[in-house]
Amino acid sequence: MPTRTTPPATGTAGYFARLAAERPDIALCRASTAVARAADTHAQALGTGVGQHLVLRMLDAVGPCSQRVLGEELRIDRTVMVGICDSLEAAGQVRRERDPADRRAYAVTLTDAGREQLARAEAAAPAFLDRTFAALTPAERDQLAVLLGKLLHPADGGATGA
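Residues numbered from 1 in each chain as written. Predicted model: local features only at pLDDT ≥ 70, side-chain atom pairs only at ≥ 80, totals over all residues. Heavy atoms only, no water.

## Some remarks on the pairing of strand E2 (residues 94–99)
For clarity, the cut-off: Strand pairing is assigned whenever DSSP detects at least two bridges linking the two strands. Comment: elements are numbered from the N terminus, with helices defined as DSSP H or I runs of at least four residues and strands as E runs of at least two.
Two strands pair when backbone bridges link them, and E2 and strand E3 (residues 102–110) are joined in this way by six bridges, in the antiparallel orientation. Each residue of the ladder has a partner; that of Glu97, found in E3, is Ala107. Hairpin connection, E2 to E3: the antiparallel pair is bridged by two residues.

As structure tokens, then:
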């Protein structure tokens with residue numbers, strides 16, 4: 001039987017806040033779920049999905065690349081990445097062509113329609129972030145970004161890989 005480290009609470013009010021203070025892993029999971037749901041709702045209202053937005057953004061930043069590279073960099077399972085690229089291609093936002101460097105792979109390329117969709121999504125991002133992170137000051141948001149970066153990049157001092 002686990003040993004209790006804190007005295008028993010009276011009632012259930014505030015239980016999760018106490019649990020989150022003791023277990024930041026649980027708090028981060030719950031916060032991540034809440035933000036992911038908000039991001040999905042926001043992205044769907046713009047006619048896309050979070051995964052699609054991430055792919056469009058990366059292609060805009062780095063240029064054409066393979067589905068494998070997109071999946072690895074964005075931490076999206078390869079089977080999910082195929083569906084994302086299929087939907088983006090069907091919408092005319094990307095095109096897939098044989099990668100000249102590796103004829104077994106496809107290079108995914110951003111189209112003009114993809115650039116337009118990305119521009120709409122990026123224009124709406126600041127208001128979404130302000131709503132989603134309204135409980136944090138700008139300095140706290142910056143601090144959160146730094147801390148999450150450490151968790152996501154363990155070689156740079158974080159605790160775990162994602």
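## Considerations on the pattern of salt bridges
Inclusion rule: A pair is scored as a salt bridge if a Lys or Arg side-chain nitrogen falls within 4 Å of a carboxyl oxygen belonging to Asp or Glu. Relative accessibility under 20% of the residue-type maximum defines a buried residue, over 50% an exposed one, and the middle range a partly exposed one, all with a 1.4 Å probe and only protein chains included.
Throughout the structure, instances matching the rule amount to eight salt bridges. When the shortest N-O distance is used, the salt bridge between Arg96 and Asp86 registers 2.3 Å. One end of the pair, Arg96, is in strand E2; the other, Asp86, is in helix H5 (residues 78–90), and 10 residues separate them in sequence. Relative accessible area serves as the criterion here: at 18%, Arg96 is assigned to the buried category. A salt bridge links Arg96 to Glu89; its shortest N-O distance comes to 2.9 Å. When salt bridges that share partners are traced, they join Asp86, Glu89 and Arg96 into one network.

## Overview of the environment of Arg98
Our working definition: Residues count as neighbours in contact if any of their non-hydrogen atoms are within 4.5 Å of one another. Pairs of N or O atoms within 3.5 Å make up the polar contacts considered here, provided that, within protein, one atom can donate a hydrogen while the other can accept it, and that residues adjacent in sequence are counted only when both atoms are side-chain atoms.
The residue Arg98 is located in strand E2 in this model. Judged by its relative accessible area of 37%, Arg98 falls in the partly exposed class. Distance in space between the C-alpha atoms of Arg98 and Ser66 is 9.2 Å, their sequence separation being 32 residues. When sequence neighbours within four positions are dropped, the list of residues in contact with Arg98 reads Arg103, Arg104, Ala105, Tyr106 and Ala107. At a separation of 3.3 Å, a polar atom in the side chain of Arg98 contacts the side chain of Tyr106.

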